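Observations on the model geometry
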Amino acid sequence: MLKKLKILMVSPECVPFAKTGGLGDCVASLSLHLAKLGHDVRIAMPLYTEIALPKSTIANPEPMIVNLGYGTEYAKLWEHRNENLITYFIEFNRYFGRDGIYSGCYGDHCDNPERFAFMCRSALDLCYFKNWLPDLIHCHDWTTGLIPVYLCTTERNLPLGRTGSVFTIHNIQHHGLAPKSILKFSGIPDHVFRPDGVEAVGMVNMMKAGIYFSKKLTTVSHCYSKEIQTPNFGFGLENVLKFKAGDLIGICNGIDISNWNPETDRLIPANYSAGNMTGKLACKRELQKTFGLEQNDAIPIFCVVSRLAEQKGLDLLANILHRVINHMAVQFVVLGNGEFWLESRLSELASIYNSKIGTFIGFDEKLSHLVLAGSDLLVIPSRFEPCGLTQMYAMRYGTLPLAHSTGGLSDTIENYDKSTNAGTGFLFSNLSHDALYNTLGWACATYYDDKINFNAMRYRAMQKDFSWKCSAEKYIEVYHWAMEI
Ligand code: ADP
Ligand code: GLC
């Protein structure tokens, strides 16, 4: 029996407090699962302006010293306990007292490197301050990349020098590039500024820093762990990843199956299960009403719930929507926000075909439940997808994913095979307008002409086990490996 661990999660996002995408869901649900297994799990994250501290938060924050390279700063530390899980919020208004986690109305915050270097240093300082030394620190993406560097340099001969580190790559596209001066700011010695350290193209690359200095590396699906070692997916870090391949493990994300459960979900108008799907029809009707679409039980609804970013390939969908609407009897519902031109393009299409296409531009957690419950299919033409959570949520709600076979999408969706009556969705392998169009046609034909198989597929999708059970066990194993080094 492996010993119970003291684990510190450091992340810029964690639901229900802060979320821009799957990272926030993943950190929260993994932490909760590990805590339920009896591990002492604590999360450290910034206190952004948007966060309304829950009533159960310990009333008074504690002033805490943060030791940066240029001197000390005072942050306020808030503590919140929920189901054996402690969340520490770091309040420091110069960096976090403004709108947006990473960006505001003028684009990305230009001091993001300093903001998240500050988060990294304060996460370590809070361990000393609380006199709680974790066995392991689990870091997530570039914003946490300096933590493994601290552990190997400034902390080496201090108590945290014995703490293991695991660095999870959720998305290799975002590197966190900063001038060399970020090292002085952070109090990290200059000697790490070298190609086999934190340096890339004359800058500090915080993603590379995490990759180089962590004891073990994971990414969020097996397929993506292979893809990022190739030039097409590695965003210039493929050689670093090949070099560290022996320490890199793909572990597929799980989902919070109690929050995303059509049988009990309070955010949808009617509940349902694989054995009794009548409630799904009520959700469909409500969805059509909410988005001003023609009320029609028989027509398939394809939906999108996504960041509107280049990664997601939704520009391809926007380009073929005219053709689709003119040739197939379908409806589309889009819930998303992101790139302005794509928001405008999708809204324009919705105004042209207002009974067939509905859009909501914005981020709305409650609405995402209705969209996934009321639709028949979810479209995910991602150029790359490290894991993807929406396809797993959709399958639980009997909404079949239609996706580009890449990364976690190909690991979690089984392609429909009529001859063997197998599959949980519709996959295509070469991303192009025609491939997407043809797959939409295939799904549409299956919906209308092969209802029995379509419903059987729904049933199989709803039975899939996407809980954290297996993946959390793998993480615990990786934590132990990271502590042994
Ligand atoms: P990524 O992290 O790349 O954005 P994932 O599929 O892993 O992709 O996670 C996306 C998460 O964000 C899901 O929980 C999805 O429901 C949610 N989401 C994305 N866009 C929106 C939106 N506009 N409103 C509400 N939820 C959204
Ligand atoms: C990233 C990825 C997404 C993944 C999520 C959680 O945002 O883009 O594919 O599901 O992280 O790991």
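Conventions we followed
Residues numbered from 1 in each chain as written. Chains lettered and ligands numbered in written order. Predicted model: local features only at pLDDT ≥ 70, side-chain atom pairs only at ≥ 80, totals over all residues. Heavy atoms only, no water. Helix = DSSP H or I, 4+ residues; strand = E, 2+ residues; numbered from the N terminus. Rg over C-alpha atoms; globule rule 2.2 N^0.38 Å. Contact = heavy atoms within 4.5 Å. Lys, Arg positive; Asp, Glu negative; His and termini not counted. Charge placed at Lys NZ, Arg CZ, Asp CG, Glu CD. Core = buried A, V, L, I, M, F, W, Y, C linked by side-chain atoms within 4.5 Å. Buried < 20%, exposed > 50% of the residue type's maximum accessible area, 1.4 Å probe, protein only. 1 Å grid on protein atoms, 1.4 Å probe; cavity = no way out; pocket = protein on both sides within 12 Å on 5 of 7 lines; lining within 4 Å. Points joined across faces, edges and corners; volume = space filled by probe spheres on them. Nonpolar A, V, L, I, M, F, W, Y, C, P; charged D, E, K, R; others polar. Near = heavy atom within 4 Å. Polar contact = N/O pair within 3.5 Å; in protein donor to acceptor, adjacent residues only side chain to side chain. Areas by Shrake-Rupley, 256 points an atom, 1.4 Å probe, with all protein chains shown as cover. Pairing = 2+ DSSP bridges. Domains from an automatic or database assignment. Expected span 1.5 Å × (residues − 1). Buried area = accessible area lost by both parts, 1.4 Å probe. Salt bridge = Lys/Arg side-chain N within 4 Å of Asp/Glu carboxyl O.

Looking at the overall build of the protein chain
Secondary structure assignment for the protein chain yields 17 helices and 20 strands. Its C-alpha atoms give the protein chain a radius of gyration of 23 Å, near enough to 23 Å, the size a compact globule of 485 residues would have. In terms of overall dimensions, the protein chain has a C-alpha envelope of 70 × 50 × 45 Å along the principal axes. Long-range pairs, those at least 24 residues apart, make up 72% of the contacts in the protein chain between residues at least 6 apart in sequence. Of the side-chain charges in the protein chain, 45 are positive and 48 negative, and the distance between the mean point of each set is 3 Å.

Regarding the nonpolar core
Across soluble globular proteins, nonpolar side chains show a tendency to be buried alongside one another. One finds Ile169, Ile211 and Tyr479 to be the most contacted residues of the largest nonpolar core, which totals 93 residues. Top contributing element to this core by residue count: helix 3 (residues 112-129), with nine residues. Dropping the residues within four chain positions of it, Ile169 is found in contact with Asp141, Met207, Ile211, Leu217, Thr218, Thr219, Val220, Tyr224, Ile228 and Leu241. Ile255, Leu287, Cys387 and Leu440 belong to the second-largest nonpolar core, a separate cluster that totals 72 residues.

What to know about the layout of surface pockets
The space that makes up the second largest pocket amounts to roughly 720 Å³. Taken together, 32 residues make up the lining of the second largest pocket; nearest its centre are Ala28, Ser29, Leu32, Asp256 and Asn259. Listed by contribution, the elements that provide at least two residues to the lining of the second largest pocket are helix 1 (22-36), strand 4 (71-82), strand 5 (85-91) and helix 12 (365-374). The greatest single-element share of the lining of the second largest pocket, amounting to seven residues, is contributed by helix 1. Residue composition of the lining of the second largest pocket, grouped by class: 16 nonpolar, 10 polar and six charged.

Overview of the site of ligand 2
Taken together, 13 residues form the shell around ligand 2, and within it His170, Asn253, Glu385, Cys387 and Gly388 come nearest. Between ligand 2 and His170, the relevant distance is 2.7 Å, taken from an oxygen atom to a side-chain nitrogen or oxygen of the residue. Take Gln311: an N or O atom from its side chain is 3.1 Å from an oxygen atom of ligand 2. Look at ligand 2: alone it shows 310 Å² of surface, and the protein chains cover 92% of it.

Observations concerning the pairing of strand 5
In terms of residue burial, strand 5 counts as a mostly covered element, since seven of its seven residues are buried. On strand 5, burial covers both faces: Leu85, Thr87, Phe89 and Glu91 on one face and Ile86, Tyr88 and Ile90 on the other are all buried. Note: strand 2 (residues 40-46) against strand 5, five bridges, orientation parallel. Bridged to Arg42 within strand 5 is Ile86. Alignment of strand 4 against strand 5, held across seven bridges, turns out to be antiparallel. Bridge pairing in strand 5 links Arg81 to Ile86. Counted along the chain from strand 4 to the antiparallel partner strand 5, the turn is two residues long, and its residue Glu83 has a positive phi close to 45°.

Structural notes on the site of ligand 1
Not every one of the 21 residues close to ligand 1 is listed here, only the nearest: Gly22, Asp25, Arg307, Lys312 and Gly362. Lys312 places a side-chain nitrogen or oxygen 2.8 Å from an oxygen atom of ligand 1. Within the complex, 94% of the 560 Å² of free accessible area of ligand 1 lies under protein. Looking at the shell around ligand 1, the elements that each hand over two or more residues are helix 1, strand 15 (301-308), strand 16 (331-338), helix 12 and helix 13 (390-396). Top element by residues in the shell around ligand 1 is strand 15. It accounts for three residues. By residue class, the composition of the shell around ligand 1 is five nonpolar, nine polar and seven charged. Counting contributing residues per domain, the shell around ligand 1 is built from domain 1 (6-254 + 468-484) and domain 2 (278-463), each supplying no fewer than three.

Regarding helix 1
For helix 1, which comprises 15 residues, the first-to-last C-alpha distance of 21 Å matches the rise-based estimate of 21 Å (1.5 Å per residue) to within 8%. Burial analysis of helix 1 places 12 of its 15 residues in the buried class, which makes it a mostly covered element. By the burial criterion, the buried members of helix 1 are Leu23, Gly24, Asp25, Cys26, Val27, Ala28, Ser29, Leu30, Ser31, Leu32, Leu34 and Ala35. Taken together, the buried residues of helix 1 touch strand 1 (6-10), strand 2, strand 5, strand 8 (136-140), helix 13 and helix 17 (469-484). Immediately downstream of helix 1, the backbone of Gly38 shows phi near 105°, a positive value.

Focus on the domain arrangement of the protein chain
Each domain of the protein chain was delimited in the assignment, giving domain 1 (6-254 + 468-484) and domain 2 (278-463). Domain 1 and domain 2 are separated by 33 Å when their C-alpha centres are compared. Of the residues lining the interface, 19 residues belong to domain 1; the matching set on domain 2 comes to 19 residues. Summed over both sides, the interface between domain 1 and domain 2 buries roughly 1400 Å², with carbon and sulfur atoms accounting for 59% of that surface. At the surface where domain 1 touches domain 2, the tally comes to one salt bridge. In this structure, the salt-bridge partner of Glu365 is Lys19, at a minimum N-O distance of 3.2 Å.

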